[in-house]
Amino acid sequence: MHDRFAFRPAHRSDLPAVLAVQRQAHGDAFQENAEVFESRLEFAPDAAWVAEREGLVVGYLFAHPWKGRTPPALNCVVEALPADCDTAYLHDLAVLPGERGGGAAMGLFERFERWCRAKGLGRSMLVAVGAAGGFWSRLGFERLPDDAALAAKLSPYGAGAACMVRARLSEGAKS
Ligand SMILES: CC(C)(COP(=O)(O)OP(=O)(O)OC[C@H]1O[C@@H](n2cnc3c(N)ncnc32)[C@H](O)[C@@H]1OP(=O)(O)O)[C@@H](O)C(=O)NCCC(=O)NCCS
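Residues numbered from 1 in each chain as written. Predicted model: local features only at pLDDT ≥ 70, side-chain atom pairs only at ≥ 80, totals over all residues.

On to the overall build of the protein. What the protein contains, in helices and strands, is six helices and seven strands. Along the protein, helices and strands appear, N-terminal first, in the series β-α-α-β-β-β-α-β-α-β-α-β-α. For the protein, whose C-alpha radius of gyration is 15 Å, the value lies close to the compact-globule estimate of 16 Å for 175 residues. C-alpha extents for the protein along the principal axes are approximately 45 × 40 × 30 Å. (Helix = DSSP H or I, 4+ residues; strand = E, 2+ residues; numbered from the N terminus. Rg over C-alpha atoms; globule rule 2.2 N^0.38 Å.)

Printed below as a string of structure tokens:
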């Protein structure tokens, strides 16, 4: 199903294309700085991938190890990873509007799952924005109840943003 796309690790040289995809996928309100993605690549260079079609970047997934149940703030540079990381934090997944529905997101997510397994990170966490909650629910993520600290962290992500966690790797990721 993913034959339409080629998947490969992301590099610093991909960042202009990644930022362009983010702008088109999420809109101007969620545009992050290049330094935000650079810091993810610095601390987790093996946890970022792009999907290409005909040599052009049409989607990406960035992740990194994390700890606990509070996500990093939106548009924040990672200065250092916490000690004893116990969670795979999926920083962002996005696909260009015109390239959706063809399996790009699933191809990227499969690579994320393989990385989680290789790192021994059984728990995954992310912030679902916009209409993406249903996409993550289908993949086994569940919404964390908001407390005051979490609600404050989620507020910049826009109305309806939710922190979602998945406690275990899916059956498919165990093979
Ligand atoms: C969410 C997103 C990455 C999905 O990309 P995509 O390339 O269309 O996804 P795929 O083609 O791999 O679809 C995988 C499956 O998820 C389903 N799906 C996609 N979006 C969905 C949604 N919002 N709710 C429920 N299911 C969804 C697809 O129908 C497909 O199901 P199928 O395999 O049974 O046909 C894309 O819509 C996007 O970039 N959205 C804007 C950015 C965003 O919100 N990213 C998530 C960050 S929280």
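Let's shift gears to the site of the ligand. Around the ligand, the structure places 22 residues, and the nearest of them are Arg100, Ala105, Met106, Ala132 and Gly134. Secondary-structure elements contributing two or more residues to the shell around the ligand are helix 1 (15–26), strand 4 (87–95), helix 3 (104–119), strand 5 (123–128) and helix 4 (133–138). Taken together, the residues of the shell around the ligand sort by class into 13 nonpolar, six polar and three charged. (Near = placed C-beta within 6 Å. Nonpolar A, V, L, I, M, F, W, Y, C, P; charged D, E, K, R; others polar.)

Within the largest apolar cluster, 48 residues are counted, with the highest numbers of intra-cluster contacts made by Tyr60, Leu61, Ala63, Leu108, Leu126 and Ala128. Sort the elements by how many residues they give to this core and helix 3 lands first, with seven residues. Excluding anything up to four places from it in sequence, leucine 61 contacts Ala48, Trp49, Leu93, Leu108, Phe109, Arg111 and Phe112. (Core = buried A, V, L, I, M, F, W, Y, C linked by C-beta atoms within 7 Å. Buried ≥ 20, exposed ≤ 12 C-beta atoms within 10 Å, placed from the backbone. Contact = placed C-beta atoms within 7 Å.)

Glancing now at the environment of leucine 108. With respect to the helices and strands, leucine 108 occurs in helix 3. Sequence-wise, leucine 108 and histidine 91 are 17 residues apart; in three dimensions their C-alpha atoms are separated by 13 Å. Excluding anything up to four places from it in sequence, leucine 108 contacts Phe7, Trp49, Ala51, Gly59, Leu61 and Leu93.

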